Amino acid sequence: MERTLYISHGDKGGVGKSYLSMLAVEYLLRFGHISLIEADPTQPDLGVRYAGIGEVSVAALPLNQAGDAENALSVFGEMLETSNADLVVVNLPAGAGETLDATAGMIRDLSDALEYRLVVTYALEKNRVASDALIKSMGKGLLSVVDEDKRYVAYPEYKGKIETFDWYNRPEREKAKIGELIVPSLGNRSALSKLEASRGRVADLVDKSNRPEGWMILDQSSVYRWYQAGIAAIAPIFGGE
């Protein structure tokens, strides 16, 4: 696995950016140590999950600083340079996308200088406003500086079938040079609440030889199937199958 900087970008909150980051961490852990950057220190949901796990280094850095984008990015760049991590996952909160879109060229400069493969997913809401934001990012924001085969639209399945998303039906989609993936939905509400309340690697939580305390059999079964579908969905963006 080559050095990789993965950024979970997207529309406002509630579109599955954190789930994508979690799946990225789970997949990339197969190849080595992960540096996970929580870009909203006030809500470090993934940081809490992976805290204390030796294979994951967790750092918190406020990137939702649209009015002070260059300084926020400068701190981010220093963190990358000094850590010298090979596999980096950046979990963006709502609002941080504006910072990254405003400093897109600098992010690409940083990625190239540190010899990272820059991979970005853009998680969508269903409405037209989300499609317009995606188009803007592809035109002059972060997605515009990412290689066409390393940028992806992510449809969160829990929002509905992809045919119901505005972007799916926009004429611009026909010409857009961007990949697509579907983030699977975990429909079992009991299983979802257990997953969100549990810490540690998802790969360990779904190990049937060691069911987590308080989990029912079908909780683990549902999470296992969601996990397998999620890994299958995200693997191609990192060159896997």
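Anyway, here's the lowdown on the structure attached to this text. This one's a predicted model, so the numbers in the text were calculated from it and none came from an experiment. (Residues numbered from 1 in each chain as written. Predicted model: local features only at pLDDT ≥ 70, side-chain atom pairs only at ≥ 80, totals over all residues. Heavy atoms only, no water.)

Quick word on the packing of helix α1 (residues 17-28) against helix α10 (residues 217-234)
Part 1 of the argument: It is the contact of α1 with α10, at a shortest axis distance of 9 Å, that shows an interaxial angle of 85 degrees. Regarding the angle of α1 to α10, the classification is roughly perpendicular. Contacts between α1 and α10 involve Tyr19, Leu20, Met22, Leu23, Ala24, Glu26 and Tyr27 on the former and, on the latter, Trp226, Tyr227, Gly230, Ile231 and Ile234.
Part 2 of the argument: Class assignment for the residues of the contact of α1 with α10 results in 10 nonpolar, 1 polar and 1 charged. (Axes fitted to C-alpha atoms, helices over the stretch in contact; angles between N-to-C directions. Helix = DSSP H or I, 4+ residues; strand = E, 2+ residues; numbered from the N terminus. Parallel < 35°, antiparallel > 145°, perpendicular 65-115°, else oblique. Contact = heavy atoms within 4.5 Å. Nonpolar A, V, L, I, M, F, W, Y, C, P; charged D, E, K, R; others polar.)

Thoughts on the pairing of strand β5 (residues 117-123)
Part 1 of the argument: For β5, a buried count of 7 out of 7 residues is recorded, marking the element as mostly surrounded by other parts of the structure.
Part 2 of the argument: Burial along β5 is two-sided: the face carrying Arg117, Val119, Thr121 and Ala123 and the face carrying Leu118, Val120 and Tyr122 are both buried.
Part 3 of the argument: Two strands pair when backbone bridges link them, and strand β1 (residues 4-10) and β5 are joined in this way by 7 bridges, in the parallel orientation. Bridging from a neighbouring strand, Thr4 pairs with Arg117 of β5. (Buried < 20%, exposed > 50% of the residue type's maximum accessible area, 1.4 Å probe, protein only. Pairing = 2+ DSSP bridges.)

Here's the deal with the pattern of salt bridges
Part 1 of the argument: The full count for this structure, using the stated rule, is 12 salt bridges.
Part 2 of the argument: Its salt-bridge partner being Arg170, residue Asp132 comes within 2.9 Å of it at the nearest N-O pair. Of this pair, Asp132 sits in helix α6 (residues 128-140) while Arg170 sits in the loop between β6 (151-156) and α7 (171-175), and the two are 38 residues apart along the sequence.
Part 3 of the argument: According to the relative accessible area criterion, Asp132 is partly exposed, its value standing at 36%.
Part 4 of the argument: By relative accessible area, which is 6% here, Arg170 ends up buried.
Part 5 of the argument: Here Arg170 and Glu172 are joined by a salt bridge, their closest N and O atoms 3.2 Å apart.
Part 6 of the argument: Using a relative accessible area of 33% as the deciding quantity, one classes Glu172 as partly exposed.
Part 7 of the argument: What emerges from the salt-bridge pattern is a single network uniting Arg108, Asp112, Asp147, Asp149 and Lys150. (Salt bridge = Lys/Arg side-chain N within 4 Å of Asp/Glu carboxyl O.)

Quick look at the packing of aromatic side chains
Part 1 of the argument: Scanning all chains against the criterion turns up 6 aromatic pairs.
Part 2 of the argument: Between Tyr27 and Phe31 the ring centres are 5.4 Å apart and the planes differ by 55 degrees, which places this aromatic pair in the tilted class.
Part 3 of the argument: For Tyr27, a relative accessible area of 5% puts it in the buried group.
Part 4 of the argument: The interplanar angle of 70 degrees and the centroid separation of 6.4 Å between the aromatic rings of Tyr155 and Tyr168 together place this pair among those described as edge-to-face. Of this pair, Tyr155 sits in strand β6 while Tyr168 is found in the loop between β6 and α7, placing the two residues 13 residues apart along the sequence. (Phe/Tyr/Trp six-rings, centres within 6.5 Å; stacked < 30°, edge-to-face > 60°.)

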